[in-house]
Structure formats: C-alpha cells, structure tokens
Amino acid sequence: MIGILSYLVFFVSIASILAIAVLGLNLQWGNTGLFNGGVVAFFGAGAYGTLLLGGTPQPDHIGGFELFYPLALLGGACAAALLAWFVGKLTLHLRHDYLAIATFGVAVTFENIMRNAEGFSGGAKGLRGFERPLENWVSNGFTYNLAFLTCIAVILICTYFFLERVVQSPFGRLLRAIREDEVAARSLGKNPDRIRLIAFVTGSFIVGVSGGLYATFYAFVSPQDVLPTLTFQIWAMLIVGGAGNNRGAIIGTFLIWGAWTTSGWSLSRFAPVEIQIYGGTLQYIMIGLVIVGMLLWKPQGLFPEKLVMSNSGKK
Amino acid sequence: MIQSLTDGILVGAILSLGAIGLTMVMHTLRFANFSHAELLSIGAYSALVCDALFSGILPSLAAAISPLSMTWALALAMVCAMSLTGLSALIIDKFVFKRIREKGDELSMVFASFGVALIIRNLLGLIFGLKSQLYSKDIVFAVVLSHDPLVLVKPDQVFVLIAAVIIMLVMHYFLSRTTLGYALRAVAENASLAEVSGIRLSHMIALIWVIGGVLAAAAGVFYGLTNHVSPVIGRDLVLPIFAATIVGGIGSVYGAVLGGFVVGIATNMALLVLPSGYSPAMPFVIILVLLLVRPNGLFGETQT
C-alpha cells in the first residue's frame, strides 16, 4: 500500500513539475503564438542554474555557491529568462520560423555544451553534490517527498493563477491581438516585437522554474535530462490539453505523462526481450502520432481556448 | 588545415543538396520544415533496400565501379531511391501538410513537421534496426593528394562532389531555362499572381516536394556512401541544413548551395580549434553570427 502511495506521490510530483513547464509554453504558444522548438534548453538552464547556485562546492567544476535555496531556484529561472531574452532579441523581429529554428538550435547546443564542458557542468556524468533543502530535518523519506510535493503544488497553483490573471488582463488581450493580427495591433500604436519578447522571456522563466524544481527533486541533472525528447513530450502535453487554455494544459500534462509512464512500464513488463530495445522507439512514434493526430483532427485540443469578449464587444 | 577545407567542401556538397529542397519548401509554403532532413534518411534507406534487391536479382551488378566502393547496383538503386523519396515527400504532404495548410495555420505546420520527423525517424529505426549500416563493406583506401601538407581523399568523396555539382547544374538549368522552372520561380515569388497567370498552384507545390525529395535522396545516399546509414541521419543533419538555408537566405536556391558549403567548411575548420565534441553546436553558432550580421542571409530579401 505504502509502495503504491509513494509511487503516486512520485508520479504526481513529476507531472506537476512538468505542468509548470507546459504552462510556461502555453503563454508562448497558446497565448502569443510563438513557436519554441527548444523548450528543453530553458528547462535545462533552470535545472543547471539551480544546482550550480545551490549545490555544495565540488573539486572538479565550478559552482557550488551554497546559495539559500529559493534564491538558487530564482537564479536558475533567471538563467532561463536570460537565454530567452538573448534568443528572442535576435529572432523575434524576423519571420516567425527563425524563432523555431533558433530555439531548436539552442536546445541542441545547450545539450552539447553540458555534455562537453566538464569544468562547468560535470560533463556527461552530470552535476552532483546538491543537497535537497531541509532534507536533514525530515528523517522519513516519504514525509519529505510529500512535503516537497506540497511545495510543487503551491508553485503550480500560483503559476496557474498568475497566468490566468495575465490572460484576462489588458496585456493578455494585447498578446492575443498580436497573435491574431499583428498589423492591426501595430496600427493601434502597440509594439509587437517588444510584447512578444516579454511574453517569450516570461514563459521561459516559468519553464526555468520547472527545470529547477525537476533538478531539485532528483538532486541531480545530467545531459540525459535535456534531450530533445522532453521538448516533444511537453509539446504533446500542451496540444492534447488545448493551446491557450491553462486548465487544459495541466490536464494534458497528467494525461500524456500518465500515458508515457504506463506505456514504458507495460513495454518493459510485457513485451518480449527482442522488442524491449525498441521500447523507446515505439514511445517516440506514439508521441509523434499524438502531435500529428491532434493537429489534424482536433487542433484546439481537448479543452479549447475560451474566447474572452470584452463587455463592449458583447453589446 | 587544407585537409579540413577538403572535408568541409565534401560535407558542404551534401548539405547544399539538402538545403536546396528545404529553402524552396520554406519559401513557397512559408514554414520551417523540421522533417526535411528525414527525407535524407528515407533516401539512404530506400537505396539500401534497392541495392540489396538489384544485387540479388543480377549479381553482375554487384561489381564495384573501380576505383569507387560504389557498385552499379547502388548507382541504379540511387535513381530508384530518388523517385521513391520524391514520392514519399508527396505522400507526407498529401496526408499531413496539405490538410493542415488548408486550415491556414503556418505555425501548426512547423509543429506538425516536428511530429512527422519523430514518426519517420523512429519508424526507420523500428524497421531497419538502430545500428548503423554500410552500403559496402569493402575498405576503400584514401588517396594521397599531396604529402605536404598531407591531404587524403577517398575516391567516393570525389565522386560525390562531382555528382553533387552536376545535380546542382541541372537544377540551375531547369530553374533558369525551362518554362516549368519559370513557373516554379513565379509561384515562389508571388503565389496569387502566378495563379492568375494560369499556373496551377497545386501542381507547383507537388513539384517542389518532388524536387525536395529527389535532391534529399541524393544527399542521403551520398552521406551514406561517405559515412554510414543510420536512423539518426535526419537528427544529425537537420540543424546544419537549416543553417545552410539561413546563411543563403530563405528562398534563394543559389544561396542554399553557397550556404551548404559555408556551413560544411566552417564546421570542419572549427574542429581545428575546438574539441570534436562541440561540432554539433557549430551550425547554431553560424546561425547566430549570421542573425547578428545579416539577418536575411547572404542572398535573402526582407520579408515578413
């Protein structure tokens, strides 16, 4: 019983962490129409940033500043935001697919640098030497995980309400206006490039928080955690939930993460040994089919965006 | 130094072939096609299958064309692979891209191409196995071009370079001298205006996919011939090919050719100063530099 319960806590923790990233992506894609092809780079910047700032000093690489944990997490998220600002500044004023290509390139490069720069990131063997905050105070691992889950849930809920406020605010309206008709927005004296940059950086900051929490949860991060697969998974979660709908994004995360872990478990449990080495391959095909299938038959997702109409518009 | 330059030119020729198709699709259909590099994989694997088929039916074809490791069977297989890949590109467009295009959302196309790439790459892995394979197990020794500085070139590489250049010249002739080529350029320039002038848009789009697929298949076979065939060809080449199109300027066929060589040479030259582990990141560095200096590419025009 306790086994199932602790697995449940584990599952919900990871899904909630990923849900935060999906919410961040939703601000970029769902509300603003920005294609981020390298979600994992911003996720990774948050993860590596948090561990480098909050970890204990290591002999073989830099970092280990032993910062107070919330500050470390904030620093990680800021690293992600900074990366986003840099990429956004270069590409957001160009044709829309430049952003897609550049973010995709950032993700490839990020993984590549983390894998090779041993003095900085620990290289392929990953970044160790991080102690989870307050872990010594709680003797029982299960209690600790439960408490950690509570913290994640609080952050998830705060992010959700923050984004809901943003979407309903005049700024949110502006985002949708730019997404729907840039020329019209420009004619009203708005600056689409700047607004898009704000949305992109804010979204990446949120993805960075998610990455920081993910690395904290495992107290470890390695290049294996920042493979392009994660980008595809996060995208599938958003498109299934419904781009533009924050509640849908969270539900989509739980659905896809559930399907991913269940399929992985069943493949390793029931599939013959010869097929098992293709387990990952089959799962990727599944994710690809989900993405293409949703776009073809249900592009608004399971929970379509609710169009907000202003009071004057209703009359 | 000279060796890196030579290797870079050879890789560049392959990238150019991939980039020509991509730049045409990106310009006319207005979306970044992340699944274009998978067409190279499809080409490489169809050639592998056809090669085995032809060698099986007519064993005399399995003889290598001296001094290459390439056999007559593979040469025939390459032609088949080019048509098969052109066909695949058409089929993918019919079932996925065309249907999304009709809904009128360009960004969803980018997104869908991500999904398509994931499906193709992993289906190839599932069918042919995850290990890399070779067209020929014969070892071909490199020829010493000069001793000081030491430059080594394999006959296959020279063949690939010459073949790639011939294909590009044919493309140039086709685009600049034939009515069909004019029509194609008209569509890329202004689709609605071209339609009013009596050009069938749907036919031209189909033609662009076929050309993209055919050139990608050639690039894929050449890559397989000089390296190896594996399901991750697409994953490894997608970024360099994108870099080539951006360097050349989206929509410029000649820019794509030049871009391919620039990316190939720069990536190989960078290995002189950087550890080889960093080479996958090089195309992105090139993209960054270009966006800073000349955002619309060397031959690109400003467009929104």
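These numbers were taken from a predicted model, which means no experiment stands behind them.

A. View of the overall build of chain A. Per the secondary structure count, chain A includes 14 helices and zero strands. The linear arrangement of helices and strands in chain A, starting from the amino end, is α-α-α-α-α-α-α-α-α-α-α-α-α-α. Computed over the C-alpha atoms, the radius of gyration of chain A is 20 Å, within 12% of the 20 Å expected from 2.2 N^0.38 for a compact globule of 315 residues. Residues counted as buried form 47% of the 315 residues belonging to chain A. Here the contacts in chain A between residues at least 6 apart in sequence split such that 77% fall between residues at least 24 apart.

B. Quick look at the overall build of chain B. Helices and strands together make up the secondary structure of chain B, namely 11 helices and two strands. What you see in chain B, going N to C, is helices and strands ordered as α-α-α-α-β-β-α-α-α-α-α-α-α. Taking 304 residues into account, the globule formula puts the C-alpha radius of gyration at 19 Å, and chain B, at 19 Å, falls close to it. Considering only C-alpha atoms, chain B reaches an extent of 55 × 50 × 40 Å along its principal axes.

C. Highlighting the interface of chain B and chain A. Each partner contributes to the interface: chain B provides 39 residues, whereas chain A provides 33 residues. When contributions to the side of chain B that touches chain A are tallied by element, the ones reaching two or more residues are helix 3 (72-103), helix 4 (106-128), helix 9 (233-248) and helix 11 (282-293) of chain B. With 15 residues, the single largest contributor to the side of chain B that touches chain A is helix 4 of chain B. Of the residues assigned to the side of chain B that touches chain A, the class counts are 29 nonpolar, seven polar and three charged.

D. Focus on helix 11 of chain B. Taking 1.5 Å per residue, 12 residues should reach 16 Å; helix 11 of chain B reaches 17 Å between its end C-alpha atoms and fits that length. All of the buried residues along helix 11 of chain B are M282(B), P283(B), F284(B), I286(B), I287(B), L290(B) and L291(B). Structurally, helix 11 of chain B contributes buried residues whose contacts are with helix 3 (69-91) and helix 4 (96-116) of chain A together with helix 9 and helix 10 (253-270) of chain B.

E. Region of interest: the packing of helix 10 (residues 228-241) of chain A against helix 11 (residues 246-270) of chain A. Residue and element names in this part refer to chain A. The N-to-C vectors of helix 10 and helix 11 enclose an angle of 125°; their axes lie 7 Å apart at closest approach. Taken together, the axes of helix 10 and helix 11 lie oblique to each other. Note that helix 10 runs across helix 11; the crossing there is right-handed. Facing helix 10, whose interface residues are Q233, A236, M237, L238, V240 and G241, helix 11 presents G248, A249, I250, I251, G252, T253, L255, I256 and W260.

F. Main features of the nonpolar core. V22(A), A80(A), A236(A), L238(A), I291(A) and A218(B) are the most contacted members of the largest nonpolar core, which totals 192 residues. The greatest single-element share of this core, amounting to 16 residues, is contributed by helix 8 (residues 201-226) of chain B.

G. The arrangement of helix 10 of chain B in detail. Helix length check: helix 10 of chain B, at 18 residues, gives a terminal C-alpha distance of 26 Å against a target of 26 Å (1.5 Å per residue), a fit within 8%. With 13 of 18 residues buried, helix 10 of chain B is to be regarded as a mostly interior element.

H. Structural detail: unusual backbone geometry. One non-glycine residue, A219(A), adopts positive backbone phi at about 55°. Its place among the elements puts A219(A) in the loop between helix 9 (192-218) and helix 10. The backbone phi angle of R30(B) is positive, close to 60°, even though this residue is not glycine. Looking at where R30(B) falls in the secondary structure, it is placed in the loop between helix 1 (2-28) and helix 2 (36-57). A count of 18 C-beta atoms within 10 Å places R30(B) in the partly exposed class.

Reading the values: the criteria
Residues numbered from 1 in each chain as written. Chains lettered and ligands numbered in written order. Predicted model: local features only at pLDDT ≥ 70, side-chain atom pairs only at ≥ 80, totals over all residues. Helix = DSSP H or I, 4+ residues; strand = E, 2+ residues; numbered from the N terminus. Rg over C-alpha atoms; globule rule 2.2 N^0.38 Å. Buried ≥ 20, exposed ≤ 12 C-beta atoms within 10 Å, placed from the backbone. Contact = placed C-beta atoms within 7 Å. Nonpolar A, V, L, I, M, F, W, Y, C, P; charged D, E, K, R; others polar. Expected span 1.5 Å × (residues − 1). Axes fitted to C-alpha atoms, helices over the stretch in contact; angles between N-to-C directions. Parallel < 35°, antiparallel > 145°, perpendicular 65-115°, else oblique. Left-handed = near helix turned anticlockwise from the far one by under 90°. Core = buried A, V, L, I, M, F, W, Y, C linked by C-beta atoms within 7 Å.

Structural measurements only, silent on function.
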